[in-house]
Amino acid sequence: YLKQLEDMGFIQRDDHISRSIRVLQPVQSSLGEKTVRAARRAAEAASDVFRIPLMGRIVASAPIPIPPSDLSYFDPESSVEIARSLLPARESTAELFALEVQGDSMIDAMIHDGDIVIMKSAQEAKNGEMVAVWLDKNDETTLKYFYRENNRVRLQPANPNMLPIYIDDPRQLRIMGKVVMVIRQVKNMPRSLAI
């Protein structure tokens, strides 16, 4: 619908700015019902977008301490915009936050270095869920699959070149959130393929 409005000269989009639309002339109802419907759908799609706060980084590697300087990397205004329609209907947007992934322990789960994970705040997880965890002993954090096994917890990477992490005392582990969505960061895309 946006392409139709752009081709008709009603709007202009900037390929270098995400979701940029500039109105060149108002859509008149005399132009036809099809055009008016297209304009309404475009407006509805734009109103579906909301912001999720970008809270910082999470490592997808061996757990590492969070450096104090990393906290200032993201300011209070940092956020990610996504369409509400991309999330499961039951997800409350108030419980969501975003983290930038650093590392490659989750590559077989299609999460790469530089991607953004949308997390739902949580303190508990079921076996097989991908979680952001805080390891109290060394103030470390990591992104892994969660498995409770007997009296310990296994944090399983999704990379065959990495070994699982075993936590013998589950009280030393705090679940901070569960992954609900991944936003892929496309790098080095040939210009002819750019959208």
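Residues numbered from 1 in each chain as written. Predicted model: local features only at pLDDT ≥ 70, side-chain atom pairs only at ≥ 80, totals over all residues. Heavy atoms only, no water.

1. Observations regarding the packing of aromatic side chains
Part 1 of the reasoning: All told, the structure shown has 0 aromatic pairs when counted by the stated rule.
Part 2 of the reasoning: Over the ring of Y147 we find R154, and its NZ or CZ is 4.3 Å from the ring centre. (Phe/Tyr/Trp six-rings, centres within 6.5 Å; stacked < 30°, edge-to-face > 60°. Lys NZ or Arg CZ within 6 Å of the ring centre and 35° of its normal.)

2. With respect to unusual backbone geometry
Part 1 of the reasoning: One non-glycine residue with positive phi stands out, namely M110, at about 65 degrees.
Part 2 of the reasoning: On the secondary structure map, M110 appears in the loop between strand 6 (96-102) and strand 7 (116-121).
Part 3 of the reasoning: In this structure, N150 takes a positive phi of about 55 degrees despite not being glycine.
Part 4 of the reasoning: Along the chain, N150 falls in the loop between strand 9 (140-149) and strand 10 (152-156).
Part 5 of the reasoning: For N150, a relative accessible area of 79% translates into the label exposed. (Helix = DSSP H or I, 4+ residues; strand = E, 2+ residues; numbered from the N terminus. Buried < 20%, exposed > 50% of the residue type's maximum accessible area, 1.4 Å probe, protein only.)

3. Considering the environment of K178
Part 1 of the reasoning: Take K178: it is sitting in strand 12 (residues 173-183).
Part 2 of the reasoning: Note on K178: relative accessible area 22%, which makes it partly exposed.
Part 3 of the reasoning: Expressed as a C-alpha distance, the spacing of K178 and K144, which sit 34 residues apart in the sequence, is 9.8 Å.
Part 4 of the reasoning: With sequence-adjacent residues up to four places away left out, K178 is seen in contact with I118, M119, K120, A122, E124, A125, E129, M130 and V131. (Contact = heavy atoms within 4.5 Å.)

4. Examining the pattern of salt bridges
Part 1 of the reasoning: Across all of its chains, the model carries 6 salt bridges by this definition.
Part 2 of the reasoning: The shortest N-O distance in the salt bridge between R51 and E81 comes to 3.1 Å. Taken together, the positions of R51 in strand 3 (residues 49-59) and E81 in strand 5 (residues 79-83) put the pair 30 residues apart, joining distant regions of the chain.
Part 3 of the reasoning: Residue classification places R51 among the exposed positions, given a relative accessible area of 55%.
Part 4 of the reasoning: The class for E81 is partly exposed, based on a relative accessible area of 30%.
Part 5 of the reasoning: With a shortest N-O distance of 3.2 Å, K178 and E129 are connected by a salt bridge. Remark: E129 occurs in the loop between strand 7 and strand 8 (130-135) and K178 occurs in strand 12; sequence separation between them is 49 residues. (Salt bridge = Lys/Arg side-chain N within 4 Å of Asp/Glu carboxyl O.)

5. Details of the environment of V153
Part 1 of the reasoning: Relative to the assigned elements, V153 resides in strand 10.
Part 2 of the reasoning: Along the backbone, V153 and I165 are 12 residues apart, and their C-alpha atoms lie at a distance of 8.2 Å.
Part 3 of the reasoning: Not counting residues within four places of it along the chain, the set of residues in contact with V153 comprises F146, Y147, R148, I165, Y166, I167, P170 and L173.

6. With respect to the pairing of strand 3
Part 1 of the reasoning: Looking at chain direction, strand 3 and strand 5 are connected through 5 bridges and run antiparallel. Across the sheet, F50 pairs through a bridge with I82, a residue of strand 5. (Pairing = 2+ DSSP bridges.)

7. A closer look at the nonpolar core
Part 1 of the reasoning: Counting residues in each nonpolar core, the largest one holds 14 residues, and the members touching the most others are I58, L99, V101, M106, I111, V117 and L143.
Part 2 of the reasoning: Within the residue set of this core, elements represented by two or more residues are strand 6, strand 7 and strand 8.
Part 3 of the reasoning: Tallying contributions element by element places strand 6 first for this core, with 3 residues.
Part 4 of the reasoning: The residues touching I111, leaving out its near neighbours within four places in the chain, are V101, M106, V117, M130, L143, V182 and R184. (Core = buried A, V, L, I, M, F, W, Y, C linked by side-chain atoms within 4.5 Å.)

Function cannot be inferred from these measures alone, as they are strictly geometric.
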